Amino acid sequence: MIRGVELAEAGPVRRRARRVREAGLGYLLLLPALCVFGVFVFYPFARNFKLALYQTPPYPNLPSTYVGLHQVGQVLSSSNFLESLVTTVLFVVFIVPAGLLIGLFLAVVAQRQLRGIAAYRVIFSSTVVTSVAVSALVFYSLMNPVVGLLPWLGISPHPSVLENTTWALPAVAVMAVWQFIGMSFIIMSAGLQALPEDVLEAAKVDGASTWTSFWRVTVPLLSPTLFFALVVAMIYAFQTFGQIDILIGYQNAAYEHVNVLIYNIYTTLVYEENPGRAAVMSIALFAITLVLTVLQLRILERRVHYGR
Amino acid sequence: MGRLVFDGVTKRFGDVVAVDHLDLDVADGELLVLLGPSGCGKTTALRMVAGLEALDEGTIAIDGQVVNDVEPKDRDIAMVFQTYALYPHLTVARNIEFPLRQRGLDREERGRRVREVAVTLGLEPYLNRKPGQLSGGQRQRVALARAIVRQPQAFLMDEPLSNLDAALRVQTRADIVALQDRLGTTTLYVTHDQVEAMTMGDRIAVLSAGVLQQVAPPQDLYDRPGNTFVAGFLGSPGMNLMGGALVEDQAGATARVSGGSVPLTADRAALARAAGSLTVGVRPEALALDPAGTLEASVVIVEALGAEAHVICKLPDGTRLVVRQEAGRHRPQLGEAVRVAVEASGVHLFGAADGRRLEAAA
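Quick caveat, the model's predicted, so the values are computed rather than measured.

Asker: What exactly am I supposed to notice about the overall build of chain A here?
Answerer: Within chain A one finds 13 helices and two strands. Against the 2.2 N^0.38 benchmark of 19 Å for 308 residues, chain A shows a C-alpha radius of gyration of 25 Å, more extended than a compact globule. Dimensions of chain A, computed from the C-alpha atoms along their principal axes, are close to 75 × 65 × 30 Å. By residue count, 38% of the 308 residues in chain A fall in the buried class. Partitioning the contacts of chain A with sequence separation of at least 6, the portion at a separation of at least 24 is 67%. By element, 68% of the accessible surface of chain A is carried by carbon and sulfur atoms, the whole surface being about 18,300 Å². Put simply, chain A has 19 plus and 14 minus side-chain charges, and the middle of one group is 12 Å from the middle of the other.

Dropping the structure here:
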C-alpha cells in the first residue's frame, strides 16, 4: 500500500533508479546460488560443448585436435551410439509404465482408511530414501546364482541373470522400478489426496461402479499428477546410472547389453578416455531429454485436465 | 413410489451422536426440508439416504425397501451437492449424461433426455462447455439437470443454493419448487436457511443436535412451535422467550415475568395452571412499544431495515426482547426506558423444565 503511494508520486526517472536498485539487490541475493550453479552446472555445461568439438587422438598423451562438427556426425551415426540408444529406449519402456502403474496401484490401496495403513505408507515410500548403492547390493545378493532368491525360486539361467545378455537389462530395470516406486507412490498419493471428495461421491450416487468411477473420474481428475509423474519417471529412467554400475559394471559379459546412454558416456570417458566422444553423447542425451520434456509439455498438457 | 422412511436411524462419529434415533416419513412426491443449525446432523441424515454414510442403528427404506446394505449406485436416488460436484473434465452435456451412461441407456435415448432437461433448465447454449467456464448459477443448474435427468425415486439436495448470491438464490428457490412440483419426485432438502425452508417445504423437519424437534407444514411450525428450540430458531428474528409464573387475581390471569407481566387468555391460563413454572414466548410482531404496556424494558439496539425496524430491548433480568416496529413509527433512543405491550392472543406457553409447548389435549 505504502509502496504503491510512493511509486505513484515518484517521477519516471526516480522510478527507474529505484528499479535498478531493486534489481541490483535481487542479483546480489541470487549471487551465492549463481556461484554454485555456475561452478557445478553452467561452466561444465558450456565446457561440454567445447569438448565436443575436439577429437581425442587414439593414443594417450597426444594433444586433442579441433575437428568442429565432424565428430558429432561421426559419433551419432556410430553403431555404438545407436545400439546404446536402442538399449536406453528399451530400458525406459521397461521402467516408466511399470513404475507409474505400481506407484498408482499402491497409492490407491493406501488411500483406504484401514488400521495400520500408515505403516504401509511408510514402507511404500521408503525406497526414496534408500541409497542406490545399498539397495543395489541387496538386489545383487538376491540375484546371486548360488545363494540368491532367484535360484531358490527355481530361476537359474546360465549364465546367471546379471551376466546373461538377455536378462541383464530386465534385471536392472526391475531394480530401477523398485527404486522408483517410492517417488511414484508419494506423487500419486499426494494427487489422490487432493481430489475433490464430493465429485467421487457424486459418481457413486450417479451409479458408477468402483471400476468405472476410477477410470472415468479418478484418473481424469488425477491427470495433472499422472503427467507430472510421467515427466519425472522419464527423466529418472534416462539417468539411471548407479544400479547399472553396481549390478553389472564394465567388466561384465553382459555389459554391452545394458550400455544405456548415461552409462556409455561414463565408460567412454573413464575407461576409453575419450572425452570428445563422451561430450557428444552427453549433448545428445541432453537434447533427447529436452525434446521429450518439451513434447510432453506441449502435447500432453493440452489433453490433461486441470480442475478449476 | 418414492416414499422415504427413517426408522430409529442413529449415526455416531466417535463419541458424537450426529443423528439420534431419527424417525421420519417422507411421503411420495413430498418436498420435505431438513432444517437446523450447522452441525445438527441434517447433512449426515441426507448422506445416509444416499448411502455415503453407513447407519449405526435403525433402517432407511426407499419405496418400501430397506436400503441399509444397498450400494449408493443401486439406490436409484439423485443428489445435488452443496459444491455441485460436477465432473470438471467433462462437458455440460457429458456431465448430465453421466448417470444415464451408467445405467446403460442407448445413445439415442441419452441424447433425447439430455436435450429435454437442457431445455427445461435453459442449459442448451452451454452444453459443450466445461464446468470451469460456467458461472455459479449455471453450474448449479447443471447439477440439478444431472439429478433430474435420471428420473430417480428421490432427490437429495444438500444446501444447493448456499453458494449463490442473494438475488439468484430467490430465483432458483422458486425454480426448484416449480420443478419439483411438476416432476412430483420425492425430495429431501437440507438447509440451515429458514426462509428457504419456509418457502419451499411441504413440511419442515427441524433438527437440533441430531434430535428431531418437530415435523410440520411451515405455517404450523411458525404458528405452533412444538418447543422452545423451534420457537427460537424459526422466524427472523425468532420468538422472544421469558421465564415466568402464573398470577391470578380479580383482574384476570397474567404471567409474571421480569419487568412486569404478560396477559393470558382464559384457555392459556388453564394450561399454565396445570404446568407450574413457565417459559413465555411472544413473537416480535405481537409486541409493541406502548406507554400503556405491561412490561418495562430499556432499549439496547435499534436495527432499521427499511420497511420495518427491530427494537432490541433488555428486561431487568437481562433477557433480550425484540420488538418489531413498522416504518414511520417513533424510533426510541438507545438506553431509553420504554414500556412494551403484549398481544394476549400472541402468547405461547412452554414448560420451563422440558421446553415443550403447553397444549390442551386434543
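Asker: Whenever I open this one, the sheet that holds strand β6 (residues 77–80) of chain B confuses me. Can you help?
Answerer: Note: strands within a sheet are paired through backbone hydrogen bonds, in either parallel or antiparallel orientation. Residue and element names in this part refer to chain B. The strand order β6-β7-β8-β3-β9-β10 describes an open sheet built from six strands, whose pairing is mixed. Here the strands that pair on one side only, and so sit at the sheet edges, are β6 and β10 (211–216). In this sheet, neighbouring strand axes are inclined to one another by 15 degrees on average, regardless of whether the strands run parallel or antiparallel. The strands touched by helix α4 (residues 136–148) are β6 and β7 (154–158); relative to β6, the strand with the most contacts, the crossing angle is about 175 degrees.

Asker: What should I look at first to understand the sheet that holds strand β1 (residues 4–13) of chain B in this one?
Answerer: Residues and elements named next belong to chain B. Ordered in space as β2-β1-β4-β5, the four strands form an open sheet in which the pairing is antiparallel. Each edge of the open sheet is held by one strand with a lone partner, namely β2 (16–26) and β5 (65–66). For β1 and strand β4 (residues 57–62), the ladder comprises five bridges, and the chain directions are antiparallel. Residue pairing in the sheet places Val 5 in a bridge with Ala 61 of β4. Running over the sheet, helix α1 (residues 42–50) touches β1, β2 and β4 and is turned about 115 degrees from β1.

Asker: I'm lost on the pattern of salt bridges in this one. Help?
Answerer: Side chains bearing opposite charge may pair, as long as their charged atoms lie close to each other. For the coordinates displayed, the defined rule picks out 22 salt bridges over all chains. Of the charged contacts in the structure, one is a salt bridge between Arg 146 of chain B and Asp 206 of chain A, with a shortest N-O distance of 3.5 Å. One end of the pair, Arg 146 of chain B, is in helix α4; the other, Asp 206 of chain A, is in the loop between α9 (197–205) and α10 (210–238), on a second chain. Notably, a salt bridge pairs Arg 203 of chain B with Glu 30 of chain B, separated by 2.5 Å at the nearest N-O pair. Taken as a pair, Arg 203 of chain B in strand β9 (residues 203–208) and Glu 30 of chain B in the loop between β2 and β3 (31–35) lie far apart in primary sequence, 173 residues in all. A relative accessible area of 24% places Arg 203 of chain B in the partly exposed class. One network of salt bridges, in which partners are shared, links Asp 206 of chain A together with Asp 76, Arg 146 and Arg 150 of chain B.

Asker: Sorry, what's going on with the layout of surface pockets here?
Answerer: Over the atoms, a rolled probe matching the size of one water molecule traces out where space is still vacant. Residue and element names in this part refer to chain A. Of the volumes computed, that of the largest pocket is approximately 1,400 Å³. If you trace the largest pocket, you find 33 residues lining it, with Arg 112, Glu 197, Leu 200, Lys 204 and Thr 210 closest to the centre. When contributions to the lining of the largest pocket are tallied by element, the ones reaching two or more residues are α4 (79–111), α8 (168–193), α9 and α10. Residue contributions to the lining of the largest pocket peak at six residues, all from α10.

Asker: What should I look at first to understand the interface of chain B and chain A in this one?
Answerer: Note: interface size is frequently given as the accessible area lost on complex formation between the parts. Listed as interface residues are 24 residues of chain B and, on the opposing side, 18 residues of chain A. Our count for the chain B to chain A interface comes out at three salt bridges. Counting across the chain B and chain A interface gives 10 residue pairs in polar contact (both at pLDDT 80 or more). Looking at the side of chain B that touches chain A, the elements that each hand over two or more residues are α1, β6 and α2 (92–102) of chain B. Counting residues per element, the side of chain B that touches chain A draws most heavily on α2 of chain B, at four residues. Tallied by class, residues from the side of chain B that touches chain A come to 13 nonpolar, five polar and six charged.

Asker: What am I meant to see in α1 of chain B here?
Answerer: The periodicity of an α-helix, 3.6 residues per turn, causes residues three or four positions apart to be oriented the same way. By the criterion of burial, α1 of chain B is predominantly enclosed, with eight of the nine residues buried. What α1 of chain B keeps buried is the set Lys 42, Thr 44, Ala 45, Leu 46, Arg 47, Met 48, Val 49 and Ala 50 of chain B.

Asker: Please explain the domain arrangement of chain B as it appears in this structure.
Answerer: Residue and element names in this part refer to chain B. Partitioning chain B into domains gives domain 1 (4–231) and domain 2 (234–351). The straight-line distance from the C-alpha centre of domain 1 to that of domain 2 is 38 Å. Taken together, the contact pairs 13 residues of domain 1 with 11 residues of domain 2. Both sides together, the interface formed by domain 1 and domain 2 hides about 990 Å², and carbon and sulfur atoms give 61% of it. Our enumeration of links across domain 1 and domain 2 arrives at zero salt bridges. The interface formed by domain 1 and domain 2 holds five residue pairs in polar contact (both at pLDDT 80 or more) in total. A breakdown of the residues in the side of domain 1 that touches domain 2 according to their chemical character gives eight nonpolar, four polar and one charged.

Asker: For this particular structure, what's the right way to read the packing of α9 of chain A against α10 of chain A?
Answerer: Residue and element names in this part refer to chain A. For the pair α9 and α10, interaxial distance at closest approach is 10 Å and the crossing angle is 165 degrees. With respect to their mutual orientation, α9 and α10 come out roughly antiparallel. Judged by the sense of rotation from one axis to the other, the crossing of α9 with α10 is right-handed. Note on element contacts: α10 touches α9 through Ser 213, Val 217, Thr 218 and Leu 221, opposite Val 199, Leu 200 and Ala 203.

Asker: In this structure, what is going on with empty space enclosed by the protein? I would like to understand it.
Answerer: All names here are of chain B. Using the criterion set out here, one finds two cavities of 30 Å³ or more in the structure. Here the largest cavity is characterised by a volume of approximately 40 Å³. Lining the largest cavity we find Leu 144, Ile 148, Phe 155, Met 157, Ile 176, Leu 179, Gln 180 and Leu 183. Among the elements of the structure, α4, β7 and α5 (166–183) are those that each provide at least two residues to the lining of the largest cavity. Here the residues of the lining of the largest cavity are counted per class, giving seven nonpolar, one polar and no charged. In this model, the second largest cavity occupies a volume close to 30 Å³.

Criteria and cut-off values
- Residues numbered from 1 in each chain as written.
- Chains lettered and ligands numbered in written order.
- Predicted model: local features only at pLDDT ≥ 70, side-chain atom pairs only at ≥ 80, totals over all residues.
- Heavy atoms only, no water.
- Helix = DSSP H or I, 4+ residues; strand = E, 2+ residues; numbered from the N terminus.
- Rg over C-alpha atoms; globule rule 2.2 N^0.38 Å.
- Buried < 20%, exposed > 50% of the residue type's maximum accessible area, 1.4 Å probe, protein only.
- Contact = heavy atoms within 4.5 Å.
- Areas by Shrake-Rupley, 256 points an atom, 1.4 Å probe, with all protein chains shown as cover.
- Lys, Arg positive; Asp, Glu negative; His and termini not counted.
- Charge placed at Lys NZ, Arg CZ, Asp CG, Glu CD.
- Pairing = 2+ DSSP bridges.
- Axes fitted to C-alpha atoms, helices over the stretch in contact; angles between N-to-C directions.
- Salt bridge = Lys/Arg side-chain N within 4 Å of Asp/Glu carboxyl O.
- 1 Å grid on protein atoms, 1.4 Å probe; cavity = no way out; pocket = protein on both sides within 12 Å on 5 of 7 lines; lining within 4 Å.
- Points joined across faces, edges and corners; volume = space filled by probe spheres on them.
- Polar contact = N/O pair within 3.5 Å; in protein donor to acceptor, adjacent residues only side chain to side chain.
- Nonpolar A, V, L, I, M, F, W, Y, C, P; charged D, E, K, R; others polar.
- Domains from an automatic or database assignment.
- Buried area = accessible area lost by both parts, 1.4 Å probe.
- Parallel < 35°, antiparallel > 145°, perpendicular 65-115°, else oblique.
- Left-handed = near helix turned anticlockwise from the far one by under 90°.

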